[in-house]
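What the coordinates show
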There are 2 protein chains.
Amino acid sequence: MNTEADYLNQYDASRFPSPLVTVDSVLFTLHQQELCVLLVERANHPQKGYWGLPGGFIDMARDDSTRATAMRKLTEKTGVSPSWLEQLDTFSGPDRDPRGWSLTVTWFALIAWADCEPHIASVSDARWVPIARLVDYSLAFDHQKIITAALHRLRQKTMYSLLPVYCLPETFTHGQLQEATEVILGQSIQRKSLIRRFEASGMFEETGESMATGTRKARLWRRKPGVDIHLFSRNLLTD
Amino acid sequence: MNTEADYLNQYDASRFPSPLVTVDSVLFTLHQQELCVLLVERANHPQKGYWGLPGGFIDMARDDSTRATAMRKLTEKTGVSPSWLEQLDTFSGPDRDPRGWSLTVTWFALIAWADCEPHIASVSDARWVPIARLVDYSLAFDHQKIITAALHRLRQKTMYSLLPVYCLPETFTHGQLQEATEVILGQSIQRKSLIRRFEASGMFEETGESMATGTRKARLWRRKPGVDIHLFSRNLLTD
């Protein structure tokens, strides 16, 4: 075979056995002051009846990347695209799936509860499970380990950014962002550090509306379109 | 099929076509005050004659994870295990490899030049290429993009840790660590910030030896065995 074209004409993919490849996502939201993760009850073998992360096989005819697979699978379950989606890690090995050597490319995602609740409640086989209740669920494969890795990433990034805003509705108050941040970190934060970070980020604009909170009104904010997340060099908790 | 055992007995992996899966590593070192990356000239199609990252297919009979594949492939080229190895990202899609839909799990690694130079010089088809010279090489697939991602990760982590120590020989001086850090970041740093970080990390111990540097002697240090890398919350460059 002298040319690449000759090589490709005779190329036979079945001579190179590949591992079983899946894409799984850890989607978080906040609901009733609890951090929740989306789980799906497995309808089929293997591990039928166990709870797993939303995900599945790559559709090579439709997906142009594992990001596209993650997005497609999440949208099937929630009815909408997640507000935030980033790659986590790849988990692999001969023992994590009983079908054989397997590899899953995992993604970490955030969404506002209200955006997907109608779809999940009415048509989806998925369920929001508070992090504190995961212990009551039999999780499939190594999905507990994947959730733990995603939770670590979420908390780390929350210390250095305003990432929790992707769990909030389109318009929100400073108080809602503080609560979201505190629920994710599992501890209280200084309101004034958060506001300083909020103002320095350049990520937000006022809507002009406000919301009644107790005896006073709080201004409503939204993300500016097209403005990326700002990473701060200081830790919200310690600096 | 009522039981998982029945299901697994009848399971046929070929019914679930998988993408082509590879593992590729970006191995960096420092040599003559230049940051270098290890490249291998491709001996076979596809992209024969192009330069690519050390890597290849998972050997499902031998490798118990993609980390093991990365380690095996790097050791083949360098003769030794890298001092540092961490997962980067997965790159995927229908167009990145002419053989079809493919996915590569990438790893980011560091090694001391002296540790592997004898092997690379004598028996390997690999070559250290200074980052500034990459432009002279025809790189295979999307390997330029992968190197760019690894370089970004290396520089980010260097700002928040003492990661460059994994590019140094087993024993080294403060001056060598400063030089390595400056070469990686492409700018000079405050010696006293580096020393403060070095002392606070708890990662190092004196060897009792010293090295002649110009008119004076500099103490030699080594990593304490079993002590993990320390991540600082402050940026070496800006805080």
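All residue numbers here refer to positions counted from 1 along the written sequence of the relevant chain. Lettering of chains starts at A and numbering of ligands starts at 1, both following the order in which they are written. The predicted nature of this model means local features are confined to residues of pLDDT at least 70 and side-chain atom pairs, given and counted, to a pLDDT of 80 or more, with totals for whole chains, interfaces and linings taken over all residues. Hydrogen atoms and water are omitted, and side-chain values are computed over all heavy atoms in the structure.

1. With respect to the packing of helix α4 (residues 143-160) of chain B against helix α5 (residues 174-185) of chain B
Residues and elements named next belong to chain B. The condition that has to hold: Inter-axis angles, ranging from 0 to 180 degrees, are taken between N-to-C directions of lines fitted to C-alpha atoms, where helices are fitted over the stretch in contact. Runs of H or I in DSSP of at least four residues are treated as helices and runs of E of at least two as strands, each being numbered from the N terminus. When describing relative orientation, an angle under 35 degrees is termed roughly parallel and one over 145 degrees roughly antiparallel, while 65 to 115 degrees is termed roughly perpendicular and anything else oblique. Each crossing gets its handedness from the near helix: less than a right angle anticlockwise from the far helix is left-handed, clockwise is right-handed. Any two residues whose heavy atoms approach within 4.5 Å at even a single point are treated as in contact. Residues are sorted three ways: Asp, Glu, Lys and Arg are charged, Ala, Val, Leu, Ile, Met, Phe, Trp, Tyr, Cys and Pro are nonpolar, and all the rest, Gly among them, are polar.
The interhelical angle for the contact between α4 and α5, taken along N-to-C directions, is 135°, at an axis separation of 9 Å. Comparing their axes, α5 and α4 come out oblique. α4 and α5 meet at a crossing whose hand is left-handed. The residues of α5 that touch α4, namely those facing L154, R155, T158 and M159, are T181, I184 and L185. Tallied by class, the residues present in the contact of α4 with α5 amount to 4 nonpolar, 2 polar and 1 charged.

2. A short note on the pairing of strand β1 (residues 20-31) of chain B
Residue and element names in this part refer to chain B. What counts is decided by this rule: Think of it in three bands: with a 1.4 Å probe and only protein chains considered, a residue is buried below 20% of the maximum accessible area for its type, exposed above 50%, and partly exposed in between. Note on pairing: two strands pair once DSSP finds at least 2 bridges between them.
Of all 12 residues that make up β1, 11 are buried, and the element is covered over most of its length. Direction of pairing for β1 relative to strand β6 (residues 102-110): parallel, over a ladder of 9 bridges. Its bridge partner being in β6, L27 is matched across the sheet by A109. Here β1 pairs with strand β2 (residues 34-41) via 4 bridges, running antiparallel. Residue pairing for β2: L30 is matched across the bridge by L35. Counted between consecutive antiparallel strands, the loop separating β1 from β2 contains 2 residues, among which Q32 sits at a positive phi close to 50°.

3. With respect to the packing of aromatic side chains
Residue and element names in this part refer to chain B. To keep it simple, the criterion reads: Centre distance within 6.5 Å is the pairing criterion for rings of Phe, Tyr and Trp, where only the six-membered ring of Trp is used; planes under 30 degrees apart are then read as stacked, over 60 as edge-to-face, and the remainder as tilted.
Evaluation of the coordinates by the stated rule reveals 16 aromatic pairs over all chains. On the numbers, 5.1 Å between centres and 85° between planes, the contact of F198 with W221 is edge-to-face. Placement of F198 in helix α6 (residues 191-201) and of W221 in strand β9 (residues 216-223) is noted, with a sequence separation of 23 residues between them. The exposure class of F198 is buried, given its relative accessible area of 4%.

4. Notes on the domain arrangement of chain A
Interface size is commonly expressed as the accessible surface area that is lost when the partners come together. Residue and element names in this part refer to chain A. Heads up, the rule is: Marked domain ranges trace back to an automatic or database domain assignment. Here the quantity called buried area is the total loss of accessible area, with a 1.4 Å probe, experienced by two parts when brought into contact, counted for both.
The domains assigned to chain A are domain 1 (19-145) and domain 2 (161-223). For domain 1 and domain 2, the distance between their C-alpha centres works out to 27 Å. The interface is formed by 13 residues belonging to domain 1 together with 10 residues belonging to domain 2. Both faces combined, the contact of domain 1 with domain 2 buries some 950 Å², and carbon together with sulfur accounts for 75% of it.

5. What about the interface of chain B and chain A?
We apply this condition: In what follows, salt bridge is the name for a side-chain nitrogen of Lys or Arg lying within 4 Å of a carboxyl oxygen of Asp or Glu. Identification of polar contacts relies on pairs of N or O atoms within 3.5 Å, with a donor-acceptor requirement for protein atoms, meaning one able to donate a hydrogen and the other able to accept it, and with residues adjacent in sequence counted only if both atoms are side-chain atoms.
Counting residues at the interface gives 41 residues for chain B and 41 residues for chain A. Summed over both partners, the interface of chain B with chain A comes to about 3,500 Å²; 58% of that surface belongs to carbon and sulfur atoms. Three residues stand out in chain B for area buried against chain A, namely H45(B), M60(B) and W101(B), and they jointly supply 19% of the buried area on that side. Linking chain B with chain A are 0 salt bridges. Linking chain B with chain A are 14 residue pairs in polar contact (both at pLDDT 80 or more). Sorting the residues of the side of chain B that touches chain A by element identifies α1 (4-10), β1, β5 (84-93) and β6 of chain B as the ones contributing at least two each. Take the side of chain B that touches chain A: its biggest share by element is 5 residues, from β5(B). Along the lines of polarity and charge, the residues of the side of chain B that touches chain A split into 19 nonpolar, 14 polar and 8 charged.

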